[in-house]
Number of protein chains: 4
Amino acid sequence: MKNTFGNSLSVTLFGESHGEAIGCVIDGISPGTEIDEAFISSQMEKRKGINALSTGRREKDQVKILSGVFAGKATGTPICLVIENADTKSKDYSKTKDLARPSHADYTAEIKYGGFQDYRGGGHFSGRITAPLVAAGAIAMKALEKKGIKIATHISLCGDIADRDFGNYEEDFALLEELEMPVLCEKKREEMASLIESCKRDGDSIGGVLDTAVIGLPAGVGEPWFDTVESMLSHALFSVPAVKGVEFGAGFSFGSMRGSQANDAFYCDGDTVKTKTNNNGGINGGITNGMPVTFRCAVKPTPSVYKKQETVNMKRMTDETLLIEGRHDPAIIHRARVVIDSVTALTLCDLLLTRFGTDYLR
Amino acid sequence: MKNTFGNSLSVTLFGESHGEAIGCVIDGISPGTEIDEAFISSQMEKRKGINALSTGRREKDQVKILSGVFAGKATGTPICLVIENADTKSKDYSKTKDLARPSHADYTAEIKYGGFQDYRGGGHFSGRITAPLVAAGAIAMKALEKKGIKIATHISLCGDIADRDFGNYEEDFALLEELEMPVLCEKKREEMASLIESCKRDGDSIGGVLDTAVIGLPAGVGEPWFDTVESMLSHALFSVPAVKGVEFGAGFSFGSMRGSQANDAFYCDGDTVKTKTNNNGGINGGITNGMPVTFRCAVKPTPSVYKKQETVNMKRMTDETLLIEGRHDPAIIHRARVVIDSVTALTLCDLLLTRFGTDYLR
Amino acid sequence: MKNTFGNSLSVTLFGESHGEAIGCVIDGISPGTEIDEAFISSQMEKRKGINALSTGRREKDQVKILSGVFAGKATGTPICLVIENADTKSKDYSKTKDLARPSHADYTAEIKYGGFQDYRGGGHFSGRITAPLVAAGAIAMKALEKKGIKIATHISLCGDIADRDFGNYEEDFALLEELEMPVLCEKKREEMASLIESCKRDGDSIGGVLDTAVIGLPAGVGEPWFDTVESMLSHALFSVPAVKGVEFGAGFSFGSMRGSQANDAFYCDGDTVKTKTNNNGGINGGITNGMPVTFRCAVKPTPSVYKKQETVNMKRMTDETLLIEGRHDPAIIHRARVVIDSVTALTLCDLLLTRFGTDYLR
Amino acid sequence: MKNTFGNSLSVTLFGESHGEAIGCVIDGISPGTEIDEAFISSQMEKRKGINALSTGRREKDQVKILSGVFAGKATGTPICLVIENADTKSKDYSKTKDLARPSHADYTAEIKYGGFQDYRGGGHFSGRITAPLVAAGAIAMKALEKKGIKIATHISLCGDIADRDFGNYEEDFALLEELEMPVLCEKKREEMASLIESCKRDGDSIGGVLDTAVIGLPAGVGEPWFDTVESMLSHALFSVPAVKGVEFGAGFSFGSMRGSQANDAFYCDGDTVKTKTNNNGGINGGITNGMPVTFRCAVKPTPSVYKKQETVNMKRMTDETLLIEGRHDPAIIHRARVVIDSVTALTLCDLLLTRFGTDYLR
């Protein structure tokens, strides 16, 4: 089994929601990379989301560095990041542990692990396990910044509310850095917040679509087959819980387009080749072409809703009804954006180091 | 570099459009698996598509088996499949080889390979390289059938024409096996064919969306992080040229859904756990739940259109116009379906053999 | 970069000798495997070696389990093991940190990590990092025992003193489990201990050869090319610091042998095929044949000797002399045996799970 | 299953001794690398060995390049090399196919592949499969030469005859390039040839030890744990049939050495750090230190001897005697050296490209 991703830069995840601690090992960060603990903390905060839009777990996620950092800088050897599980209320799971929560991983975990899984709070499947990914991603994002490579994500859709597209990347990226609710258009931002609040009142949840852009990537990264940039990114993105769709550039809109509309015309901008449109999302033949890499992720609504649901008792094999009590997030879309940025950063570091050598981000 | 995919079952691709031959090595096919050459041929035929809807390359793709098959059965050692490039017209590329065809990989290949790439007909990036994938996939599909696992794909969208959804899987799968134009609804099938023909007359091309279902998969396959079923499948699917989006189950529709609508209620069907809806596309927490695995792929229109396009001369760094002559496919959507089925079959074999051991498909 | 080994069972190492903590993540241990903490502790003790033969670090290596274990059993998800570095004396490294200790990794670390490595006590290269490997290996050894697979190692050579060969495996294995100084012949055991003590008095160190046997392995494990059992084991074994040679079966003795002597004749023992001799060390064509897998590892003398040595100042590029003070082990050969057993156990688990599926050791 | 080795440069092997063809796919050769077909041929000739010392298969191994080479240079995409099996006499295997030849892979193949393996001439386990490895290695060796990296191997031991050690590397390497029988000392060369001839007359075979040196490697290549240079090289070397031992530098001699003898003192040679001795074989802590990388491989005698041997009938489970008729090689030690050089070259390319990026050998 492998909870490891990446070659030249790799991440190995561990931990359960209600266990001792969660964390990851990140290997391949170039020696000398400054470890910006303040940035890690601010990313961890963004992952926790906004108080008003959440009823969920509010513990402080203090990231402890066990290895791989010396005198404030990466040594080049594996960095182990650990976050203790503080807020693990001693809830009684004995009544519900055999009831598979719909659209959660309880049933598949039961089958795969034969009843030995830690079922408390989703165990190893919990969205909480994205916390160490975000910490690792924060280190990777800072490493990429040395080469002028930046990543940002906004909510392009939530319910029936659509944000505007990215305009000026530098300005929009700066704006998103400030926002707890990552929506470019102020009016839509408020509408989405209201929508989420109303879902919270209803005991319900809502999904969304995240739109990500990466600027500053050099051309020529990726492989023609199997390890295309789309393949590598989607591999990482689809391991984020709740992500159920990934599209690059025009994505599913291509289905209704003609080649004459879809093609991105090339032109020379000084000694750089650019394209007039970017329907291909910065990737041709699986390889970056120097234009912004753009993609969107579909995020399903959190399955923990405060409503009666039909399910089964996995041990007795009987039909049952279930009311999930306790902490609920009405939406994770605004929190997921830092997870998306993080796995994107980790994947891109991997691709760049594979292409240009392990000193590229030194 | 790695043009290899998979662990317990792996595929390694090689070849260029106008080189000596193209092919692949497929490793991990269980010993004793019957090699059904007739089925391989029929899949190769489907990949070539329909005469009426194509102006493209028409060579007979004869698959030659160099190794790994003895007395008509897989030995369990690597199978090398080779297809000779017969129909490589000695076209003169000298005038156009420095002009990057828009939305093709010419420019990214130039950057990555520094001018040493075989530029004739797209070289290693050519859609032609999917031919050995289809041959390998045909072997994998037959191996999966031993366990009752079947895969089929129809065109769910082409331009603004939408096919009906899958209904009875067994019936629809049987129907699709017969069809050259894989559309479930007869009327829509004709409409799509007409649309593609009209694109052909216009010298243009059209994209589409493919909808795939896999039935018969056991529950409990896949990993919680990184090697989720979605991650592994999307990794493979995004290496198919022209695929620019992948969504599982309700996919991007989740963006507008509430949790109470989206959740798939569980129920007992005898001693099997099933879900009433299948919005999660048969996958919870990255692991199969025993329901059909369903996903859709966005396929961009073929970039070779018979129209003047703006581009650059990559050597001289000048703006140019280009008219691509020669063979054009107005659509690949109907041909791509066998490629999708093939990479799906190969990926699933890999996941199953990793989970249940290398004899699982024996 | 990858400090990860294995596919179906993988281990990821982290930590530095004088950092916060060292540890590893072990992924793929079958759900339900009992975690025998007493056995882990006893292996940790064996790794620390015998007081009388050591002047080295004596801290208690308390293994803390952060994840992957629930109610005393493996959940099947990643197990993170952490050992805090307690005994990290605040020695002053400022005078010696630029002097490359001969036959240590100081110089190669300087080149690879550009001066950012944690140089204290060898940092990530320290033999201390084998401690988490031993903890992980203890879990793997217990998992293998479920299938009757056992591993044991004795010192076959130390200086000019040679132990007898393995005789009755079961008896010898039981004996070795009891011994702090793993030598089969009592007289040789005492002679080796005396030799090591005399090296200690001289401020010198001594190397040795370890002889390992694995019994109970099924036939048919391993691959014909690249992932042969010899390849996989040697890959793991050569990552143990100080191991500089690995030979299987008759190993280097084959160089002087004729085929007629070297060949292992087959015979039927009931419904089992066995060989009369075992010159091939239980492996034919890279695959186990059901006989004991046997190999020997050459272990170089610890390079930290209490004698003046010639070296260079890596920053100033000047020739210097160096006297390494502080803790010295006159031999690690008796301690290394549990490390060898551990990496062997981890590698074999990986090979078995790949071959027979992830439930094989459940 | 994986008959693939390497990450940044990978090789995938296929083929059976008596099948249609054997070959490999080599991926990661830098674009622009000249493909020196004359050098490939000369290496293929060396692998076939000397007529006088052989009774074996004499076919001409014509290497056909199916892909990845354009205008005489590597394109950077996968290179498929194919060698047809011409000399596959239609020997009747029906009588002997169920008799496991001692020390061959017949029995382990039967267990692993359940009777579906191609048993003719050893099938996929045949030493013949090293032919494509040699062709791939020839390309890798030429790529390494661009950076001044050279590899050579001599027979250091055959029976009881020992060659002298390497002296002046450049001179000895030049000498070895000329020799069919790679022994540095002329007298010993003749003695070894005589010994092999006498084994041939006896219907017997003889083993040996190969001694390899690599010069010109930069310092700083390799990883501290798991992917040490020793680990990676031994992984590749132990997949060469007949290799049963690998030792680096002083190797097994370390077992009798003291630290004070064994340590390699550092000194400055201008702005380069060197060591006075090279007991560590150019590797400290798993990473190259800039000194020659040196190792020795134990090669077992070919198991095909023309003598009656005891064995079993694998189907009937009965004890039998066997006399292997047909082609016999009395020694492969002189032929194996090009295989060793080849897998060494392929492994080093992989390590270098991973460390310094995929353009390092361009």
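In this text the structure is predicted, and so the values were computed from the model without any measurement. (Residues numbered from 1 in each chain as written. Chains lettered and ligands numbered in written order. Predicted model: local features only at pLDDT ≥ 70, side-chain atom pairs only at ≥ 80, totals over all residues. Heavy atoms only, no water.)

Peer 1: Please set out the overall build of chain A residue by residue, giving values where relevant.
Peer 2: Counting secondary structure elements, chain A contains eight helices and 18 strands. The globule rule puts the C-alpha radius of gyration for 362 residues at 21 Å, and the 21 Å found for chain A is close to it. By principal-axis analysis of the C-alpha atoms, chain A measures approximately 65 × 50 × 35 Å. Here chain A holds 362 residues, and 69% of them are scored as buried. In chain A, 71% of the contacts between residues at least 6 apart in sequence involve partners at least 24 apart. Split by element, the accessible area of chain A, about 11400 Å² in all, is 47% carbon and sulfur. For chain A, the distance from the average position of its 42 positive side-chain charges to the average position of its 48 negative side-chain charges is 3 Å. (Helix = DSSP H or I, 4+ residues; strand = E, 2+ residues; numbered from the N terminus. Rg over C-alpha atoms; globule rule 2.2 N^0.38 Å. Buried < 20%, exposed > 50% of the residue type's maximum accessible area, 1.4 Å probe, protein only. Contact = heavy atoms within 4.5 Å. Areas by Shrake-Rupley, 256 points an atom, 1.4 Å probe, with all protein chains shown as cover. Lys, Arg positive; Asp, Glu negative; His and termini not counted. Charge placed at Lys NZ, Arg CZ, Asp CG, Glu CD.)

Peer 1: Would you mind going over the relation of the copies chain D and chain C in detail, with residue names and values included?
Peer 2: Once turned by 180° and shifted 0.0 Å along the axis, chain D lies on chain C with an RMSD of 0.0 Å. The two molecules are tied by a two-fold rotation axis, judged by turn and shift. Taken as a fraction of all interface residues of chain D, those also at the interface in chain C reach 99%, which identifies the copy contact as same-surface. (Least-squares fit on C-alpha atoms with pLDDT ≥ 70 in both.)

Peer 1: Please give an account of the sheet that holds strand 7 (residues 79–84) of chain C that cites residues and values.
Peer 2: The strands making up a sheet are joined through hydrogen bonds of the backbone, oriented either antiparallel or parallel. All names here are of chain C. The five strands lie next to each other as 1-2-3-7-4, forming an open sheet whose pairing is antiparallel. Of all the strands in the sheet, just strand 1 (4–5) and strand 4 (63–65) have a single pairing partner and so form its edges. Sheet topology places strand 1 next to strand 2 (residues 10–15); two bridges connect them, and they run antiparallel. Looking at strand 2, one finds that threonine 4 is bridged to threonine 12. (Pairing = 2+ DSSP bridges.)

Peer 1: Pulling in residues and values, what's your account of the packing of aromatic side chains?
Peer 2: Going through the model one piece at a time under the given rule, you end up with 46 aromatic pairs over all chains. Taking the centre distance of 5.2 Å and the plane angle of 90° together, the rings of phenylalanine 248 of chain A and phenylalanine 238 of chain B count as edge-to-face. Taken as a pair, phenylalanine 248 of chain A in strand 11 (residues 243–248) and phenylalanine 238 of chain B in the loop between helix 6 (229–237) and strand 11 (243–248) lie in two separate chains rather than in one. The residues phenylalanine 248 of chain A and phenylalanine 238 of chain B share a single accessibility class, namely buried. (Phe/Tyr/Trp six-rings, centres within 6.5 Å; stacked < 30°, edge-to-face > 60°.)

Peer 1: Lay out the interface of chain D and chain A in plain terms, naming residues and giving numbers.
Peer 2: In this complex, chain D contributes eight residues to the contact, which on the side of chain A involves eight residues. Buried surface at the junction of chain D and chain A, both sides included, amounts to about 630 Å², of which 34% is carbon and sulfur. Of all residues in chain D, Thr354, Arg355 and Thr358 of chain D bury the most surface against chain A, accounting for 55% of the area lost on that side. Remark: the boundary between chain D and chain A carries two salt bridges. A salt bridge links arginine 355 of chain A to aspartate 359 of chain D, with the shortest nitrogen-to-oxygen separation between them at 3.2 Å. The interface formed by chain D and chain A holds four residue pairs in polar contact (both at pLDDT 80 or more) in total. (Buried area = accessible area lost by both parts, 1.4 Å probe. Salt bridge = Lys/Arg side-chain N within 4 Å of Asp/Glu carboxyl O. Polar contact = N/O pair within 3.5 Å; in protein donor to acceptor, adjacent residues only side chain to side chain.)

Peer 1: Lay out the interface of chain D and chain C with the relevant residues and their values.
Peer 2: The partner chain C presents 105 residues to the 106 residues of chain D that form the contact. Across the chain D/chain C interface, buried area totals approximately 8400 Å², and carbon plus sulfur atoms make up 61% of it. Considering only the surface of chain D that becomes buried against chain C, Trp225, Phe226 and Lys244 of chain D emerge as the three largest contributors, covering 12% of it. At the junction of chain D with chain C, the criterion picks out eight salt bridges. Partitioned by chemical class, the residues of the side of chain D that touches chain C number 47 nonpolar, 39 polar and 20 charged. Pairing of strand 11 (residues 243–248) of chain C with strand 11 (residues 243–248) of chain D involves three bridges; the strand directions are antiparallel. Bridge assignment links valine 246 of chain C to a residue of strand 11 of chain D, and that residue is valine 246 of chain D. (Nonpolar A, V, L, I, M, F, W, Y, C, P; charged D, E, K, R; others polar.)

Peer 1: Talk me through the pattern of salt bridges; I want residue IDs and the actual numbers.
Peer 2: Counted according to the given criterion, the structure contains 88 salt bridges over all chains. It is possible to trace a salt-bridge network through shared partners that takes in Lys97, Asp98, Glu110 and Lys315 of chain A.

Peer 1: Give a description of the sheet that holds strand 16 (residues 293–299) of chain B that names residues and reports values.
Peer 2: Judged by pairing direction, the sheet is antiparallel, and its ten strands sit side by side in the order 9(A)-8(A)-10(A)-16(A)-11(A)-11(B)-16(B)-10(B)-8(B)-9(B) without closing on themselves. At either margin of the open sheet sits one strand with a lone partner, and together these are strand 9 (161–162) of chain A together with strand 9 (161–162) of chain B. Note: strand 10 (residues 208–215) of chain A against strand 16 (residues 293–299) of chain A, seven bridges, orientation antiparallel. The partner of threonine 212 of chain A across the bridge, within strand 16 of chain A, is phenylalanine 295 of chain A. Those strands touched by helix 4 (residues 169–178) of chain A are strand 8 (150–158), strand 10 and strand 16 of chain A, and its axis lies near 75° from that of strand 8 of chain A. (Axes fitted to C-alpha atoms, helices over the stretch in contact; angles between N-to-C directions.)

Peer 1: So what's going on with the packing of helix 6 (residues 229–237) of chain C against helix 8 (residues 333–356) of chain C? Which residues, and what values?
Peer 2: Residues and elements named next belong to chain C. Taken N-terminus to C-terminus, the directions of helix 6 and helix 8 make an angle of 140°; their axes are 9 Å apart at the nearest point. The orientation of helix 6 relative to helix 8 falls into the category oblique. Note that helix 6 runs across helix 8; the crossing there is right-handed. In this structure, helix 6 contributes Val229, Met232, Leu233, Ala236 and Leu237 to the contact, and helix 8 contributes Ile340, Val343, Thr344, Thr347, Leu348, Asp350 and Leu351. Its residues assigned to classes, the contact of helix 6 with helix 8 comprises nine nonpolar, two polar and one charged. (Parallel < 35°, antiparallel > 145°, perpendicular 65-115°, else oblique. Left-handed = near helix turned anticlockwise from the far one by under 90°.)

Peer 1: Could you give an account of the side chain of glutamine 43 of chain B, naming the residues involved and the relevant values?
Peer 2: All names here are of chain B. Of note, glutamine 43 is situated in helix 1 (residues 37–48). Exposure remark for glutamine 43: the relative accessible area of 3% places this residue in the buried category. The residues touching glutamine 43, leaving out its near neighbours within four places in the chain, are Val134, Ala138, Met141 and Val338.

Peer 1: Break down the pairing of strand 12 (residues 266–269) of chain C for me, with residues and values.
Peer 2: All names here are of chain C. Residues Phe266 and Cys268 point to one face of strand 12 and are all buried, whereas Tyr267 and Asp269, pointing to the other face, are not buried. Pairing of strand 12 with strand 13 (residues 272–275) involves four bridges; the strand directions are antiparallel. Looking across to strand 13, one finds that cysteine 268 is bridged to valine 273. Counting the residues that bridge the hairpin from strand 12 to strand 13 gives two residues, and of these glycine 270 lies at a positive phi of roughly 65°.

Peer 1: Any chance you could break down the nonpolar core for me, citing the residues and the numbers?
Peer 2: Core analysis: the biggest nonpolar cluster contains 168 residues, and Leu81, Leu144 and Phe295 of chain A together with Leu81, Leu144 and Phe295 of chain B have the highest contact counts within it. Other than its neighbours up to four places away in sequence, phenylalanine 295 of chain B contacts Leu210, Asp211, Thr212, Val214, Leu233, Leu237, Glu247, Phe248, Ile340 and Thr344 of chain B. Core analysis: the second largest hydrophobic core is formed by 167 residues, Phe39 and Val214 of chain C together with Ala131 and Ile139 of chain D among them. (Core = buried A, V, L, I, M, F, W, Y, C linked by side-chain atoms within 4.5 Å.)

Peer 1: Which residues make up the confidence of the model for chain A, and what values go with them?
Peer 2: Confidence along chain A averages 94 in pLDDT terms, with 96% of residues attaining 70 or more. Overall fold confidence for the complex sits at a pTM of 0.97, while the interface term, ipTM, reaches 0.97. (pLDDT = per-residue confidence, 0-100.)

Peer 1: An account of the relation of the copies chain D and chain A is needed here, citing residue identities and associated values.
Peer 2: Overlaying chain D on chain A yields an RMSD of 0.0 Å, the required transformation being a rotation through 180° with an accompanying axial translation of 0.0 Å. Taken as a fraction of all interface residues of chain D, those also at the interface in chain A reach 100%, which identifies the copy contact as same-surface.

Peer 1: Account for the state of the cysteines, naming residues and giving values.
Peer 2: All names here are of chain D. Summed over all chains, the structure comprises zero disulfides over all chains. Looking at the unpaired cysteine 349, the closest cysteine sulfur is the one in cysteine 24, lying at 13 Å. Classification of cysteine 349 as buried rests on a relative accessible area of 1%. (Disulfide = S-S within 2.5 Å.)

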